[in-house]
Amino acid sequence: MPVPSWLRKTLTTFATVAITLLGLLFVTFMIGRVMPIDPVLAVIGERATQAQYDEAYLALGLDKPLLVQFGIYVTDVLQGDFGTSIRTGKDVSEDIARVFPATLELATLGTLIGVVLGVPLGVLAAVYRGSWIDQISRFVGLIGYSMPIFWLGMMGLLIFYGILGWVAGPGRLGVFYQGLVPERTGLLLIDALIAGDWTVFKDALSHIILPACLLGYYSLAYISRMTRSFMLEQLNAEYVTTARVKGLSEWDVVWKHAFRNIAIQLITVIALAYANLLEGSVLTEIIFAWPGIGSYITTSLLSNDMNSVLGGTVVIGTVFVALNIFSDLLYRFFDPRAK
């Protein structure tokens, strides 16, 4: 009996995801083994006796073959057990659950800014190709790709916080407002709205707006460039010429015909931009003292806390894979040609 096509595609997707995640776990496991850090000394300290060292060595399972250690590592990760953080003394999974919402909130707002500004800018650049609008769009994108994000962050703090005083400084919330809003979602802006505390909401917005705009600008550069490229391809197609010959307005030609055909492609672009902000906001979080997972991984690395580093890496990698799969499913759902 032949296997239904939908079942075959589902099994293929599942197998691809499983192999990808297994490869991610293998890479992170090997990183933990090749790093010039003794995991035993990182746990017990350098002043431990040889007997204590040997006992910890056996307890960590380092006497077992490498493949056996990898199997134990995979089993623990699948159960949500990333070990204990040496720096905080808590389970790594608990630490990640605490810091990840901050990164999620920052990256989400940054992506929204990039989409709201980047898509119209890319469309206008394609419609008015070669004009001053197109030149400005390309210049904005070039600056976004060329300027180091840490330099833009420091300049933003200097100008908008230090000199103009338009935004709040580093951190996620002012010290006087911490603990005033019950934590329900971990997303501070949403929690403040749920609690109806507009004072906390304004303070949180004042803290997040500058780093979010910085990430949004980085995302805008990518989204606007890809939107312009997609639109140019559609505007040169025969059906657009036919629509213009029929007397349709330029608004209908651009937005109801050409843009509708690139909307599916933009789903993938936006999903990738979102994933890049989730995994690439490390420098931004450090500059703005943002208590997210990027800052958590960096601080853990400097403290030789490899359990936290590997746990954070696995979570970020898993989210990246999940977003790619989600965008692929949306693409297949909305575009009949991909089915």
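Nothing here was measured: the structure is a model prediction, and the numbers come from that model.

> What is the right way to read the overall build of the chain from this model?
Counting its secondary structure elements, the chain contains 14 helices and zero strands. Along the chain direction, N to C, the helices and strands of the chain fall in the order α-α-α-α-α-α-α-α-α-α-α-α-α-α. Considered along the principal axes of its C-alpha atoms, the chain spans approximately 85 × 70 × 40 Å. Per-residue burial over the chain gives 40% buried out of 339 residues. For the chain, contacts bridging at least 24 residues in sequence account for 72% of all contacts bridging at least 6. Of the roughly 18,900 Å² that the chain leaves accessible, carbon and sulfur atoms contribute 66%. Charge-centre separation for the chain: the mean point of 22 positive side chains lies 13 Å from the mean point of 25 negative side chains.

> Help me understand the packing of aromatic side chains in this model?
Two aromatic rings, taken as a pair, are described by how far apart their centres are and by the angle between their planes. For the coordinates displayed, the defined rule picks out five aromatic pairs. On the numbers, 5.4 Å between centres and 85° between planes, the contact of Phe26 with Phe70 is edge-to-face. Taken together, the positions of Phe26 in helix H1 (residues 5-34) and Phe70 in helix H4 (residues 66-78) put the pair 44 residues apart, joining distant regions of the chain. Judged by centre distance (5.9 Å) and plane angle (40°), the ring pair of Phe160 and Trp166 falls under tilted.

> Looking at this model, I keep getting lost on the pattern of salt bridges. Mind explaining?
Any two side chains of opposite charge can pair, given that their charged atoms come close. In the structure shown here, the tally under the stated rule is four salt bridges. Of the charged contacts in the structure, one is a salt bridge between Arg172 and Glu105, with a shortest N-O distance of 2.8 Å. You can see Arg172 sitting in the loop between helix H7 (149-163) and helix H8 (188-195) and its partner Glu105 sitting in helix H5 (residues 92-127), a full 67 residues away along the chain. The exposure classification of Arg172 matches that of Glu105, with both residues buried. One salt bridge connects Arg228 with Asp134, and the closest N-O pair in it is separated by 2.8 Å. A residue pair is termed long-range when its members are at least 10 positions apart, and Arg228 in helix H9 (residues 198-235) and Asp134 in helix H6 (residues 132-146) qualify at 94 residues. Judged by relative accessible area, Arg228 falls into the buried class, the value being 17%. Judged by relative accessible area, Asp134 falls into the buried class, the value being 1%.

> How should I be thinking about unusual backbone geometry in this particular structure?
Glycine aside, residues mostly have negative phi angles, and peptide bonds mostly take the trans form. The phi dihedral of Ala289 falls on the positive side, at around 50°, and the residue is not glycine. Here Ala289 shows up in the loop between helix H12 (282-287) and helix H13 (293-302). For Ala289, a relative accessible area of 46% translates into the label partly exposed.

> Sorry, what's going on with the confidence of the model for the chain here?
Detailed reading of predicted coordinates is not advised where the pLDDT is low. When pLDDT is averaged along the chain, the result is 82, and 92% of the positions lie at 70 or above. Put simply, helix H2 (residues 39-44) is where the chain has its lowest mean pLDDT, 68, and H5 is where it has its highest, 90.

> Just checking my understanding: could you explain the environment of Met306 for this structure?
Residue position: Met306 is located in helix H14 (residues 306-334). Expressed as a C-alpha distance, the spacing of Met306 and Asn276, which sit 30 residues apart in the sequence, is 23 Å.

> How do you make sense of the packing of H6 against H9 when you look at a structure like this?
Working note: a packed helix pair is described by the angle between its axes plus the distance between those axes. With their axes 8 Å apart at the nearest point, H6 and H9 run at an angle of 135° to one another. Comparing the axis directions of H6 and H9 gives the class oblique. Taken as a pair, H6 and H9 cross one another with a handedness that is left-handed. Together, Asp134, Arg138, Val140, Gly141, Ile143, Gly144 and Tyr145 of H6 and Tyr217, Tyr218, Leu220, Ala221, Tyr222, Arg225 and Arg228 of H9 make up the contact between the two elements. Taken together, the residues that form the contact of H6 with H9 break down as eight nonpolar, two polar and four charged.

> Can you walk me through the nonpolar core in this structure?
The nonpolar side chains of a soluble globular protein tend to be buried, and buried together. With 29 residues, the main nonpolar core has Leu106, Ile208 and Phe288 as its most contacted residues. For this core, the elements supplying multiple residues, two or more each, are H5, H7, H8, H9 and helix H11 (250-280). In terms of residues, this core owes the most to one element, H9, which gives eight residues. Look past the residues within four positions of Phe288 in its chain and what remains in contact with it is Gly153, Leu157, Pro170, Gly171, Leu210, Pro211 and Leu214.

> It is not clear to me how a nonpolar patch on the surface should be interpreted in this structure. Could you clarify?
Together, Met147, Phe150, Trp151, Met154, Leu283 and Ile286 line one region of the surface with nonpolar side chains, adding up to about 530 Å² of accessible area. Elements with a minimum of two residues in the nonpolar patch: H7 and H12. A per-element tally of the nonpolar patch places H7 first, with three residues. Assignment of secondary structure puts Leu283 in helix H12. Residue class for Leu283 comes out partly exposed when judged on its relative accessible area of 41%.

> Honestly, H8 in this entry has me stumped. Any pointers?
For an α-helix, 3.6 residues make a turn, and residues three or four places apart therefore share a direction. Leu188, Leu189, Asp191 and Ala192 are the residues of H8 that are buried. The arc that holds the buried residues of H8, viewed along the axis, is 165°, so those residues lie on one side. Those residues of H8 that are buried are in contact with H5 and H9. Looking one or two places after H8, you find Gly196, whose phi comes out positive at around 70°.

Definitions and limits used
- Residues numbered from 1 in each chain as written.
- Predicted model: local features only at pLDDT ≥ 70, side-chain atom pairs only at ≥ 80, totals over all residues.
- Heavy atoms only, no water.
- Helix = DSSP H or I, 4+ residues; strand = E, 2+ residues; numbered from the N terminus.
- Buried < 20%, exposed > 50% of the residue type's maximum accessible area, 1.4 Å probe, protein only.
- Contact = heavy atoms within 4.5 Å.
- Areas by Shrake-Rupley, 256 points an atom, 1.4 Å probe, with all protein chains shown as cover.
- Lys, Arg positive; Asp, Glu negative; His and termini not counted.
- Charge placed at Lys NZ, Arg CZ, Asp CG, Glu CD.
- Phe/Tyr/Trp six-rings, centres within 6.5 Å; stacked < 30°, edge-to-face > 60°.
- Salt bridge = Lys/Arg side-chain N within 4 Å of Asp/Glu carboxyl O.
- pLDDT = per-residue confidence, 0-100.
- Axes fitted to C-alpha atoms, helices over the stretch in contact; angles between N-to-C directions.
- Parallel < 35°, antiparallel > 145°, perpendicular 65-115°, else oblique.
- Left-handed = near helix turned anticlockwise from the far one by under 90°.
- Nonpolar A, V, L, I, M, F, W, Y, C, P; charged D, E, K, R; others polar.
- Core = buried A, V, L, I, M, F, W, Y, C linked by side-chain atoms within 4.5 Å.
- Patch = residues over 30% accessible without salt bridge, like charges linked within 9 Å, V, L, I, M, F, W, Y side chains within 5 Å.
- Arc of directions from axis to C-beta.

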